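# Overview (structure and organization)
Here's the letter readout for the chains.
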4 protein chains.
Amino acid sequence: MAAQKPAHAPTPAPDRPHPDATRRSQRSRQAIYDAALALVAEVGYPKTTIEGIAARAGVGKQTIYRWWTAKADVLLEAFLDLGERAVQAAGEEAYAIPDTGDLAADLKVVLRATVDELRDPKFEAPYRALAAEGVVNEQLGREFVTRLLEPSLQLHADRLRAAQEAGHVRPDIDPRIGLELFVSPLAQRWLQHTGPISHAYTDTLVDYALHGLAPR
Amino acid sequence: MAAQKPAHAPTPAPDRPHPDATRRSQRSRQAIYDAALALVAEVGYPKTTIEGIAARAGVGKQTIYRWWTAKADVLLEAFLDLGERAVQAAGEEAYAIPDTGDLAADLKVVLRATVDELRDPKFEAPYRALAAEGVVNEQLGREFVTRLLEPSLQLHADRLRAAQEAGHVRPDIDPRIGLELFVSPLAQRWLQHTGPISHAYTDTLVDYALHGLAPR
Amino acid sequence: MAAQKPAHAPTPAPDRPHPDATRRSQRSRQAIYDAALALVAEVGYPKTTIEGIAARAGVGKQTIYRWWTAKADVLLEAFLDLGERAVQAAGEEAYAIPDTGDLAADLKVVLRATVDELRDPKFEAPYRALAAEGVVNEQLGREFVTRLLEPSLQLHADRLRAAQEAGHVRPDIDPRIGLELFVSPLAQRWLQHTGPISHAYTDTLVDYALHGLAPR
Amino acid sequence: MAAQKPAHAPTPAPDRPHPDATRRSQRSRQAIYDAALALVAEVGYPKTTIEGIAARAGVGKQTIYRWWTAKADVLLEAFLDLGERAVQAAGEEAYAIPDTGDLAADLKVVLRATVDELRDPKFEAPYRALAAEGVVNEQLGREFVTRLLEPSLQLHADRLRAAQEAGHVRPDIDPRIGLELFVSPLAQRWLQHTGPISHAYTDTLVDYALHGLAPR
DNA sequence: CGCTAAGCGAGACGGTACGTCCGGTCTTCCA
DNA sequence: TGGAAGACCGGACGTACCGTCTCGCTTAGCG
């Protein structure tokens with residue numbers, strides 16, 4: 001795959017050499033993650049300030065500026081860290097897509113779980129904040145996609161490919177596009193408040209996507 | 001159904017009665033729209049400030065605060081105004097969805113036009129800015145959807161319903177959900193930079209959505 | 001001789017045009033003076049910060065930066081204001097130098113008063129701070145001299161000139177230099193802590209200065 | 001006379017015992033002196049920072065904090081070191097006051113040399129910086145006087161006492177006060193920018209001081 | 001036709017947060 | 001164990017905007 005150009009830098013890259021990472025205080029790093037997530041949950045992303053994070057974490061502002069370039073950056077890493085800890089707590093396979101042989105059923109199960117997660121208030125605030133920032137800031141957006149969205153999308157693609165091999169999906173379908181038929185509608189409803197999301201809704205999406213809108 | 005809570009107001013609605021709108025200066029209003037759109041295009045949404053808009057428009061800050069509650073508000077109206085002027089310039093029917101009897105072809109035409117519009121740099125900056133704000137600010141998000149997205153989505157729904165009556169779409173399909181199969185993937189790719197958008201891509205989306213992923 | 005270099009400007013004079021002085025808040029100005037003097041007296045000049053002054057005065061920092069360029073500037077004006085109010089309270093002539101015909105006696109009276117003033121803790125802290133700043137910052141130093149020192153020195157020069165006309169001072173003496181014989185020693189002892197200051201000391205100075213060190 | 005209070009210490013003397021001075025790096029010490037003097041000359045005292053000195057000297061910050069308590073402290077020692085090296089270079093007696101038998105002439109020679117030194121830009125910046133700090137910080141001020149001013153003043157006092165014995169100065173004159181009549185005016189003009197300093201000026205001072213202002 | 005009550009340009013104000021700089025302490029690793 | 005290096009907490013710096021608040025000045029509409 002061709003090397004992706006690494007997304008423009010808004011500030012012209014002051015060549016700030018990252019300081020010696022081996023001497024970094026893990027204590028401070030964790031405190032900053034915790035503070036950032038707590039503040040976003042409590043007062044919302046726009047009212048979350050670097051100063052506030054530093055104060056809550058009991059950390060000097062410089063310690064934040066030393067390791068991150070922007071508020072969104074901090075939150076992204078904090079959220080990733082949260083995700084990793086959640087994964088470790090839940091067990092790796094909890095996030096895998098089952099393969100019972102019944103594609104529709106398997107997808108419905110996963111999408112229902114996604115709906116539940118999107119509604120979990122613990123995740124909602126930081127997730128929305130990051131998504132919003134990514135809409136406007138392409139650099140962060142790509143990072144968001146690569147590190148948060150992509151792994152999950154890959155699982156869907158894999159499941160579709162398996163179904164293809166089992167003859168349950170047409171061989172000419174590109175799985176990376178196919179999965180968007182049921183994933184993107186849910187994403188848009190949630191992101192842009194274009195409509196309510198529910199288990200019934202995602203079940204419908206899977207049915208529509210698999211069998212098409214046209215009569216057979 | 002429980003009464004929908006009407007989207008939280010950040011400031012608890014100080015019941016500030018809009019001042020006498022009949023004496024409003026149209027000259028200032030237009031200057032503010034122009035300044036807002038120009039600034040968003042030039043320096044981006046986050047660096048666009050009320051003060052900057054006021055200065056550029058040659059207007060007192062208070063004149064902005066008198067008529068709008070937030071930066072996003074100004075931009076939303078400015079963008080709507082821009083849209084209206086564009087519609088008037090292009091003729092009403094330019095934005096309608098054709099009905100040649102060939103649903104797939106009609107949808108492809110419209111989606112190709114949408115792709116072109118999304119790529120128009122004149123629209124991109126403010127549109128992204130508003131969408132991003134809407135992700136995080138539910139109140140603005142709903143306004144954004146209602147006033148900008150909904151009219152266009154309605155056209156798609158209407159076209160699907162017509163196709164249903166003509167027997168080209170299964171009768172049990174909910175058009176409001178059906179349209180998401182091809183509209184949402186495009187929206188998500190553009191919004192979240194999850195992938196490139198092109199005419200070929202939207203053509204594929206239409207085919208997948210109409211005929212489904214499963215073999216027939 | 002060579003042209004005197006006109007007092008260097010530390011920052012290259014950003015041509016910041018003073019804002020509209022007619023709209024200035026006198027309330028804030030006075031509060032800033034009071035806060036500045038109080039803080040210098042309480043915590044000393046180096047620990048007096050612009051931020052602290054603003055907070056104590058209940059004023060935004062910008063209001064200070066709008067009207068003054070530096071901490072020393074604020075204090076200078078505050079001190080001048082204090083002086084003016086003191087003069088008005090004490091009556092104009094309280095600070096004049098008497099002319100009883102007895103030059104030595106008149107000078108001793110005035111120098112004793114100066115000693116008392118230098119020891120007044122209310123004046124000492126800000127006065128020292130300003131003097132110190134003036135030592136290092138020529139621009140402020142000149143302002144300090146012109147607005148605080150000069151008026152008082154002028155009175156001494158006038159008194160010496162009167163004595164000259166009365167034949168009590170040699171006619172070839174330059175009063176502006178002559179006065180330094182008794183004024184500067186006191187100033188240096190106080191400024192640089194080179195020795196104690198007392199009424200006896202200044203009396204001695206006057207005698208030495210009038211009659212010289214050499215035997216007659 | 002009451003016991004002199006021993007000059008307040010800003011930090012309450014943490015009894016930090018100076019570390020083992022025998023193992024001290026003379027290399028670092030000298031580098032710090034050089035860096036301090038160079039920085040004060042280049043950017044001025046207020047913009048000279050401990051961090052800057054350390055960086056320029058190629059020294060860790062702790063090495064400075066280990067041996068000195070404050071920026072002024074470093075500079076004072078650096079300046080004293082500079083002075084000692086200058087004395088050794090010029091020969092001891094260069095700074096002595098001559099005794100040709102003509103008091104006025106001898107004093108004029110010495111004061112003219114002082115004027116020249118005060119104008120030497122190499123000395124001016126650090127000297128002013130220290131003097132200014134001493135005005136405000138009594139502890140440093142006394143150290144400044146004792147170690148820098150006093151030795152020179154003592155020479156003047158000695159010369160006056162010799163003149164007294166030779167009958168050229170009245171026997172009731174206190175030499176420590178007498179010398180101030182011509183030394184302090186020069187000091188004040190230089191310190192506070194109250195007037196220009198020149199050879200003619202100091203010559204005049206000597207004449208006035210020796211013969212007094214009053215007619216004989 | 002003049003009075004009066006808006007809207008308006010301007011911008012000072014009390015604030016909050018920014019991103020930077022430096023003070024002084026502490027820790028690590030080298031000589 | 002002194003020193004070079006530099007991360008850390010803290011806190012002030014000077015700037016940029018926020019949203020509110022006066023100021024005079026148009027500019028209607030109404031009396």
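Residues numbered from 1 in each chain as written. Chains lettered and ligands numbered in written order. Predicted model: local features only at pLDDT ≥ 70, side-chain atom pairs only at ≥ 80, totals over all residues. Heavy atoms only, no water.

## Brief notes about the overall build of chain A
Definition in use: A run of H or I in DSSP becomes a helix once it reaches four residues, and a run of E becomes a strand once it reaches two; helices and strands are each numbered from the N terminus. Per-residue accessibility, obtained with a 1.4 Å probe over protein chains only, is compared with the maximum for each type, and a residue is labelled buried under 20%, exposed over 50%, and partly exposed between these values. Residues are treated as being in contact if the distance between any of their heavy atoms lies within 4.5 Å. Accessible areas in this description were obtained via Shrake-Rupley with a 1.4 Å probe; residue shielding takes into account the shown protein chains only. In this count, Lys and Arg are taken as positive residues and Asp and Glu as negative ones, while His and the chain termini are left out. All charge positions are set by atom: Lys at NZ, Arg at CZ, Asp at CG, Glu at CD.
For chain A, the count of helices and strands is 10 helices and 0 strands. Along the chain direction, N to C, the helices and strands of chain A fall in the order α-α-α-α-α-α-α-α-α-α. Its C-alpha atoms give chain A principal-axis dimensions of roughly 65 × 40 × 35 Å. A burial count over chain A gives 44% of its 216 residues as buried. Here the contacts in chain A between residues at least 6 apart in sequence split such that 64% fall between residues at least 24 apart. Accessible surface for chain A amounts to roughly 11100 Å². Of this, 54% is attributable to carbon and sulfur atoms. Across chain A, the centroid of the 25 positively charged side chains sits 6 Å from that of the 29 negatively charged ones.

## Describing the relation of the copies chain B and chain A
As a reminder of what qualifies: Here the copies are matched by least squares. The fit uses the C-alpha atoms of residues with pLDDT of at least 70 in both.
Superposing chain B onto chain A takes a rotation of 179° combined with a translation of 0.0 Å along the rotation axis, leaving an RMSD of 0.2 Å. Considering both components of the superposition, the chain copies are consistent with a two-fold axis. Among all C-alpha atoms of chain B, that of Gly212 of chain B lies closest to the rotation axis, at 1.8 Å. A symmetric contact is evident, with 100% of the interface residues of chain B recurring at the interface of chain A.

## Looking at the pattern of salt bridges
Close approach of charged atoms allows side chains of opposite charge to pair. Residues and elements named next belong to chain A. Filter applied, for reference: For this analysis, a salt bridge means a side-chain nitrogen from Lys or Arg found within 4 Å of a carboxyl oxygen belonging to Asp or Glu.
Under the definition given, this model contains 56 salt bridges over all chains. Ionic pairing is found between Asp34 and Arg85, a salt bridge with its closest N-O pair at 3.8 Å. Of this pair, Asp34 sits in helix α1 (residues 26-43) while Arg85 sits in helix α4 (residues 71-90), and the two are 51 residues apart along the sequence. Given a relative accessible area of 37%, Arg85 falls into the partly exposed group.

## Looking at the UniProt feature "DNA-binding region" (unreviewed entry) in chain A
To keep it simple, the criterion reads: UniProt positions are given in the numbering used here, feature names are shortened, and annotations may be inferred rather than shown by experiment.
Using the residue numbers shown here, the UniProt feature "DNA-binding region" (unreviewed entry) corresponds to residues 49-68 of chain A. Within the segment residues 49-68 of chain A, helix and strand shares are 75% and 0% respectively, and the terminal C-alpha atoms sit 13 Å apart.

## Concerning the relation of the copies chain D and chain C
Between chain D and chain C, the superposition needs a rotation of 179° and an axial shift of 0.1 Å, giving an RMSD of 0.2 Å. Most of the interface of chain D is mirrored in chain C, where 100% of its interface residues are also at the interface.

## Observations concerning the protein's contact with DNA strand E
Under the convention used in this document: Note on definitions. A residue lies near a molecule or strand when any single heavy atom of the residue is within 4 Å of it. Any pair of N or O atoms that falls within 3.5 Å is considered a polar contact. Within protein, one atom must be able to donate a hydrogen and the other to accept it, and sequence-neighbouring residues count only if both atoms are side-chain atoms.
Taken together, 40 residues are adjacent to DNA strand E, and Tyr65 of chain A, Pro19 and Ser25 of chain B together with Lys61 and Gln62 of chain D come closest. Near-protein atoms of DNA strand E (within 4 Å) split between backbone and bases, with sugar and phosphate holding 62%. Glu51 of chain A places a main-chain nitrogen or oxygen 2.8 Å from a phosphate oxygen of DNA strand E. Looking at the surface near DNA strand E, the elements with two or more residues in it are α2 (50-57) and α3 (61-67) of chain A, α3 (61-67) of chain B, α3 (61-67) of chain C together with α2 (50-57) and α3 (61-67) of chain D.

## Looking at the domain arrangement of chain A
Residue and element names in this part refer to chain A. Put simply, the rule is: Segmentation of the chain into domains, including their bounds, is taken from an automatic or database domain assignment. Two parts placed together each lose some accessible area under a 1.4 Å probe, and the buried area is that loss summed for both.
With domains assigned, chain A is organised as domain 1 (26-80) and domain 2 (96-211). Computed over C-alpha atoms, the centres of domain 1 and domain 2 are 29 Å apart. Contacts between the two partners involve 10 residues from domain 1, matched on the other side by 12 residues from domain 2. Note on domain 1 versus domain 2: buried area summed over both sides is about 1000 Å², and carbon and sulfur give 86% of it. Area buried by domain 1 at its contact with domain 2 is led by Leu76, Phe79 and Leu80, which between them contribute 56% of it. Summed over the shared surface of domain 1 and domain 2, the number is 0 salt bridges. Taken together, the connections running from domain 1 to domain 2 amount to 1 residue pair in polar contact (both at pLDDT 80 or more). At the level of secondary structure, the elements contributing two or more residues to the side of domain 1 that touches domain 2 comprise α1 and α4.

## Some details on the UniProt feature "domain: HTH tetR-type" (unreviewed entry) in chain A
Residues annotated by UniProt as "domain: HTH tetR-type" (unreviewed entry) correspond here to residues 26-86 of chain A. For residues 26-86 of chain A, helix accounts for 80% and strand for 0%, while the C-alpha atoms at its two ends are 19 Å apart.

## Observations concerning helix α10 (residues 199-211) of chain D
All names here are of chain D. To keep things clear, this is the line we draw: Any helix carries an expected span of 1.5 Å times its number of residues minus one.
If you check α10, its first and last C-alpha atoms are 19 Å apart, about what 13 residues at 1.5 Å a residue would give, namely 18 Å. Within the span of α10, buried status applies to Tyr201, Thr202, Asp203, Leu205, Val206, Tyr208, Ala209 and Leu210. Phi for Gly212, located one or two positions after α10, is positive at around 80°.

## Looking at the interface of chain B and chain A
Reports often express the size of an interface as the amount of accessible area lost when the parts come together. Counting residues at the interface gives 49 residues for chain B and 49 residues for chain A. Summed over both partners, the interface of chain B with chain A buries about 4600 Å², with 63% contributed by carbon and sulfur atoms. The tally of links from chain B across to chain A stands at 2 salt bridges. Across the pair Arg189 of chain B and Glu180 of chain A runs a salt bridge whose closest N-O atoms are separated by 2.8 Å. Counting residues per element, the ones that place at least two in the side of chain B that touches chain A are α6 (121-136), α7 (138-165), α8 (175-178), α9 (180-192) and α10 (199-211) of chain B. Among the elements that take part in the side of chain B that touches chain A, α9 of chain B stands out by supplying 11 residues, more than any other.

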